[in-house]
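# Coordinate inspection notes
Spelled out, the chains give:
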Amino acid sequence: ADPEPVQDFCVAAPHGSGGPAFPGLPCKPSSSVVSDDFFFAAHARGASTDNAMGSGVTPGNVEAFPGLNTLGVSINRVDLAPGGVNPLHSHPRAAELVHVVVGEMLVGFVSTEGRFYSKVVREGESFVIPRGLMHFQYNVGKSAARAMTVFNSQLPGVVFAATALFGAEPEIPDAVLAKSFQVDAEIIKLIKSKNRKG
Ligand code: GLV
Ligand code: MN
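Residues numbered from 1 in each chain as written. Chains lettered and ligands numbered in written order. Predicted model: local features only at pLDDT ≥ 70, side-chain atom pairs only at ≥ 80, totals over all residues. Heavy atoms only, no water.

## Describing the domain arrangement of the protein
What counts here: Domains are outlined according to an automatic or database domain assignment. Every residue pair with non-hydrogen atoms within 4.5 Å of one another is taken to be in contact. Accessible area that two parts lose when put together, with a 1.4 Å probe and added across both, is what the buried area reports. Between N or O atoms, a polar contact is any pair within 3.5 Å; within protein, one atom must be a potential hydrogen donor and the other a potential acceptor, and residues adjacent in sequence are included only when both atoms are from side chains. Under the grouping applied here, Gly and all other residues not named as nonpolar or charged are polar, the nonpolar ones being Ala, Val, Leu, Ile, Met, Phe, Trp, Tyr, Cys and Pro and the charged ones Asp, Glu, Lys and Arg.
Taken domain by domain, the protein comprises domain 1 (1-152) and domain 2 (158-198). Taken over C-alpha atoms, the centre of domain 1 sits 26 Å from the centre of domain 2. Each partner contributes to the interface: domain 1 provides 8 residues, whereas domain 2 provides 4 residues. Here domain 1 packs against domain 2, burying approximately 430 Å² in sum over the two surfaces, 67% of which is carbon and sulfur. Considering only the side of domain 1, the residues that lose the most area to domain 2 are Leu88, His89 and Ser90, jointly responsible for 52% of the buried surface there. Taken together, domain 1 and domain 2 are joined by 2 residue pairs in polar contact (both at pLDDT 80 or more). Residues belonging to the side of domain 1 that touches domain 2 are distributed by class as follows: 4 nonpolar, 4 polar and no charged.

Listed below in structure tokens is the structure:
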């Protein structure tokens, strides 16, 4: 989905060096590019799932892996404890291919027509999430589960449904949320209390 590259590569320069560039980030001088710029080891280990969601995502976007700059791809690792969920979210700039490496998870998205598409995806199987649509992964197995998620963008962006609506800074007025969800403000305050920092 990102623009086509016009050169072999453009390894992103460290933050703060180089001027602004569009698309993507400024390139490191080619003379200082090394093999390790095209290598990413952070996915050899998973993130902790010891949290309220039972989920840990390790991003592998251009910010974590500068060699991806201008190449139009990126990859995350998703770890889920039994019963854990990578909560409802969307990526404004990319489709997502979910490839399950360990365990089994229910993977689903909702289309613009309000139709819910989902599947229990097991080791070695994949499911694709169209760009921009709300989706999740939910570990329905008895043991830990892991997926690698691949994107057609170097920086897919992520909007978490609950935190975007109930944890925004400054906050969205309770009256707007109460009307939008057709519930009383008390319920909105309760959900906000679980999504606001501090
Ligand atoms: C999973 O949905 C991810 O965005 O990595
Ligand atoms: Mn996703």
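The discussion continues.
## Remarks on the packing of aromatic side chains
Counted only if it meets this: Pairing of aromatic rings covers Phe, Tyr and the six-membered ring of Trp, with a centre-to-centre limit of 6.5 Å; geometry is then stacked below 30 degrees between planes, edge-to-face above 60, and tilted otherwise. Here a strand is any run of E in DSSP of at least two residues, a helix any run of H or I of at least four, and the numbering for each starts at the N terminus. The criterion is that NZ of a Lys, or CZ of an Arg, lies within 6 Å of the ring centre and within 35 degrees of the ring normal, and then a charge sits over that ring.
Scanning the entire structure with this criterion turns up 6 aromatic pairs. Centre to centre, the rings of Phe40 and Phe65 are 4.9 Å apart; their planes meet at 5°, and the pair counts as stacked. Taken together, the residues Phe40 in the segment before β1 (55-58) and Phe65 in the loop between β1 and β2 (74-80) connect sequence positions 25 residues apart. Pairwise contacts between aromatic rings join Phe109, Tyr117 and Phe127 into one cluster. A cation sits over an aromatic face here: Arg115 above Tyr117, 5.9 Å from the ring centre.

## Quick word on unusual backbone geometry
Backbone torsion omega between Glu169 and Pro170 reads -10°, so that peptide bond is classified as cis. Within the element layout of this structure, Pro170 appears in the loop between α1 (161-166) and α2 (174-181). The backbone of Thr70 sits at a positive phi, close to 75°, despite the residue not being glycine. Its place among the elements puts Thr70 in the loop between β1 and β2. Phi is positive for Gln182, close to 60°, though the residue is something other than glycine. For Gln182, the position within the fold is in the loop between α2 and α3 (185-195).

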